[in-house]
Amino acid sequence: MGSLGLMNRNNGHRLGITEPISLGGPTEYDMSKTRELEKYLRDAGLYECQEEAVSREEVLGRLDQTVKIWVKKISRAKGLNEQLVHEANAKIFTFGSYRLGVHGPGADIDTLCVGPRHATREEDFFGELHRMLSEMPEVTELHPVPDAHVPVMKFKFNGVSIDLLYAKLSLWVIPEDLDISQDSILQNADEQTVRSLNGCRVTDQILRLVPNIQNFRTTLRCMRLWAKRRGVYSNVAGFLGGINWALLVARICQLYPNALPTMLMSRFFRVYTQWRWPNPVMLCAIEEGSLGLQVWDPRRNPKDRFHLMPIITPAYPSMNSSYNVSSSTLRIMSEEFQRGSEICEAMEANKADWDTLFEPYPFFEAYKHYLQIDITAENDDDLRKWKGWVESRLRQLTLKIERHTYNMLQCHPHPGDFSDRSRLFHCCYFMGLQRKQGVPVNEGEQFDIRLTVEEFKGNVNMYTLWKPGMEIRVSHVKRRNIPNFVFPGGIRPSRPSKVTWVSRSSELKVSGHAQDDSPEGKTVSNGADDGRKRKQVDDSLEANLRNAKHLVAVPPSTGGIREGSPPISTVSSCSMKCDSMNTHRSEEYRTEKSENNTPDSLKNIKNLVEVSSQNGQANGSAKCSPPNETPSAADTTNSREAENLAIEKIMSGPYVAHQAFPEELDELEDDFESRNQDKDFRGDKKEELEPTELVAPLSNVTPAPVVQKPLIRFSFTSLKATGKSS
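Quick caveat, the model's predicted, so the values are computed rather than measured.

What counts, and at which threshold
- Residues numbered from 1 in each chain as written.
- Predicted model: local features only at pLDDT ≥ 70, side-chain atom pairs only at ≥ 80, totals over all residues.
- Heavy atoms only, no water.
- Salt bridge = Lys/Arg side-chain N within 4 Å of Asp/Glu carboxyl O.
- Helix = DSSP H or I, 4+ residues; strand = E, 2+ residues; numbered from the N terminus.
- Buried < 20%, exposed > 50% of the residue type's maximum accessible area, 1.4 Å probe, protein only.
- Phe/Tyr/Trp six-rings, centres within 6.5 Å; stacked < 30°, edge-to-face > 60°.
- Lys NZ or Arg CZ within 6 Å of the ring centre and 35° of its normal.
- Polar contact = N/O pair within 3.5 Å; in protein donor to acceptor, adjacent residues only side chain to side chain.

Colleague: I tried to follow the pattern of salt bridges on my own but got confused; where do I start?
Modeller: Side-chain pairing between opposite charges can occur once the charged atoms of the two side chains come close. Across all of its chains, the model carries 38 salt bridges by this definition. For the salt bridge of Asp382 with Lys467, the shortest nitrogen-to-oxygen distance reads 3.4 Å. Pair noted here: Asp382 is in helix α13 (residues 380-404) and Lys467 is in the loop between α14 (450-460) and β9 (471-478), with a separation of 85 residues, a long-range link. Judged by its relative accessible area of 5%, Asp382 falls in the buried class. A relative accessible area of 35% places Lys467 in the partly exposed class. One salt bridge connects Arg450 with Asp448, and the closest N-O pair in it is separated by 3.1 Å. Judged by its relative accessible area of 14%, Arg450 falls in the buried class.

In C-alpha cells, the structure reads:
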C-alpha cells in the first residue's frame, strides 16, 4: 500500500508516519541483556522443537492438498468443463502468530482457504469440505462455526490445532502465486470474505512495516509472555489479543529502528505509559481506498468515537482491532504499563530482574470481592458451544456494571476459565470487584447489581442454540471463599505466594530516599502506594476522556487520519515526569501544530535527537549503560527529557478528537441483537446472589429494563481501598 508517511525498509528511509524517536544502536550492555532475555524465553518454553516445526509444515502441506482436491471435486459436480476442472485451484495461507513467527509449542495455526467464485461458503466449504475432513482419520475434534462474525472450521489435523477460514474471490481460477496483499483482491467480495482476508493482509503488512523482523519477533514473544503472566492477554475479556500486541510492538520498533529487544521492551512500557488514549496507534496512514469499504474514521462513523484504545490495522480497510476494551480494562492495562516501566527502570539500576517483570499477577489475592460465573451443560459438545457463547457475552457484564454504577464499581475480568473436576461439564469465570479508588466513602452506602446481573443472564439465555441443561449462575464470593480448584494443584496458599513488586518497590523507595544524590537512586520508581497509583491512573484516564470532548474535529477535507492529537494530559510513570519547562514546550508544540500542520509539527524531532546525540547520547535515547559506565545525573535527565519531548511530538499531529464515555454504542447494539434473537428468555433459570449477604431475592420474573442505580449490594466500607492484599 502506498500510504503517506510510509517508507521502504530497504532504502534506508523511515517506516511509520512520524520520524523515529531514536536511531541509537545497542551498547554492549544491551547486547548482553538481550542474550540473557533470549535464554529466559527459551527456558520458559516459548520455542517449539524442530520435530514439531516439521510436523506443522507437513500438516499444512496435507491441508493444501485436501482443499485442491475439494475444489476440483465441486467444480466437476457443478458441471464445469474439463479445462476449468483441470485449472480449478484453492490455496492455503497462514496468518496470526504462526505467520508472524512467534508461535509456541502446541499453539494452533490460523489458516485461510482461498477459493474461486463458484465455491460457496455455505454449501461447499461448510458442506462438502466439512464432509471430506470428517472422513479423514487424521482429522479429529471437527467443529464448524458458520454463524460466527468470521466463520471458521476448527479441528485437529494429526494433533495440530487448526482454525480454517474461507475467502471466496471473484476469480474463476485461483493462481498458485496469488498475492492477497493487493487491494484489488477485495473487488466484489462479500463482507465475510473481507473479514476472513483481513487477518492475512494485516499480518503480512505488519512484517513489511517493521525495520528488523527478528528483533520484532523476539520483542513480541516477550510482550505476549508478559501479557499472559499479568492477565491482560484476552480480546474477548476486553483486554488485548495477539494482533493488538503485535501492532503495539511494531509501532515501538518503528520508533526505535536500531534497538535490540531489551531496549524495545523498556521503551514499549515507557511510550505506552505516556500514551494519551484515545489517541490511535497506527503503523501507517489510513487509506480511503477505491472500493468504498468503510475504514476507521471517527469524523464520519459515530461508532468509532466511542473506542477507548484505538489500535488501527495497517491493511485496507483499516479498522480498530481493540474495540472490546472497556474503561475498566483500559485502567488495568495502564496500571500494568506503568508497573512495567518502573521495573525496567529498576532493572537498569540492577535492582530488579526478568522474574520480577514476568511474575504472574496474583488475581485471587488482589481483591476482597469477586463475581463467580458458573456455567454447565449436558455434555462436552453442548458445553463447548455454551462456553463460546457465554465468553462472547462476558464483556457485556463488565460494561453494564460500569454503566449502572456510574463507574463507581470497577471490574477486573480474569481472562481464563476454571473447571471443578468434581462436577461434570462445568466451567466458571471470575471478575474482581472494587470501588473506585480515591472517592470518599459514605458509611452504609451500597451497590445493588442484582438487576444488572439478571439483565445479563437474560441476554445470555437468548442463545439461539440453547438446549436443556445449559445453565448459568452468577454469585458474589469473598476472597476467603474462593473455591480451591482455581489454585494450582487445588491447594489454597496459606498467605500471599511471594513478595510482589509493590512491596519490593516500597523498600526500594526507602533506600532511594537515602541515595537521592546518586543516579541509581533516582531510577527507582515510586510504586509503594498501589492504591494511590490506581487513583492516579483513573484520574489521568478520566481527564483524557473529558478533554476529548472539547477538541475541535478536523474536517474531512484535511486528508487522511494521522496518529496523535493535541496534548491533553500526560499519563507518566514516576521515572518520567515532565517538568514545567516540558509543559511549556508542549504548549508551544500545540500552537505550532495548529498553525503549520503535521509535517511542520514534527520537524523538530530529528533536530532534537541530533542535538542530544552531539551531547554524547544516542539520538535522544536513554540507553542502558554497561555496569562499569554509570551516566551522570545530568546526562540521564537530559536524555529522558529529550525522549519525553519526542514522545509528546508523536501525539501532537492533527487528529480528529472523539468522545469516549461509558455509554458505548457496541453494548447498545449487542443488546439490541440479543433481544431480537428467536429464543425467548427463560425466566426459570435465575439464581440468587448470595441472599444471606444481599437484599431479598427478586421475584421470578423476566428481567426489568435497565435501572440507573448501583449494583450487587456491597457496603462501600467493605470495598475500601486497602491495596492489593489483605
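Don't stop here, the text continues.
Colleague: In this structure, what is going on with the packing of aromatic side chains? I would like to understand it.
Modeller: The geometry of an aromatic ring pair is captured by the separation of the ring centres together with the interplanar angle, meaning the angle of the planes. Counting across every chain of the model gives 28 aromatic pairs. Consider the rings of Trp226 and Trp245, whose centres lie 6.0 Å apart with planes at 80 degrees: the pair is edge-to-face. Here Trp226, found in helix α7 (residues 213-229), pairs with Trp245, found in helix α8 (residues 242-255); they are 19 residues apart in sequence, far enough to count as distant. Across the pair, exposure class does not vary: Trp226 and Trp245 are buried alike. In this structure an aromatic cluster arises from ring pairing among Trp226, Trp245, Phe268, Phe269, Tyr272, Trp275, Trp277 and Phe337. Over the ring of Phe93 we find Lys91; its NZ or CZ atom is 5.4 Å from the centre of that ring. Sitting over the ring of Tyr233, Lys228 keeps its end group 4.8 Å from the ring centre.

Colleague: What's the story with the side chain of Ser475 in this structure? I'm lost.
Modeller: Among the secondary structure elements, Ser475 is positioned in strand β9. Classification of Ser475 as buried rests on a relative accessible area of 3%. Within the local environment of Ser475, its side chain forms a polar contact with the side chain of Arg473, the two groups lying 3.2 Å apart.

Colleague: Whenever I open this one, the side chain of Glu648 confuses me. Can you help?
Modeller: Inspection of the secondary structure assignment puts Glu648 in helix α20 (residues 633-650). A distance of 3.3 Å separates polar atoms of two side chains, one belonging to Glu648 and the other to Arg276.

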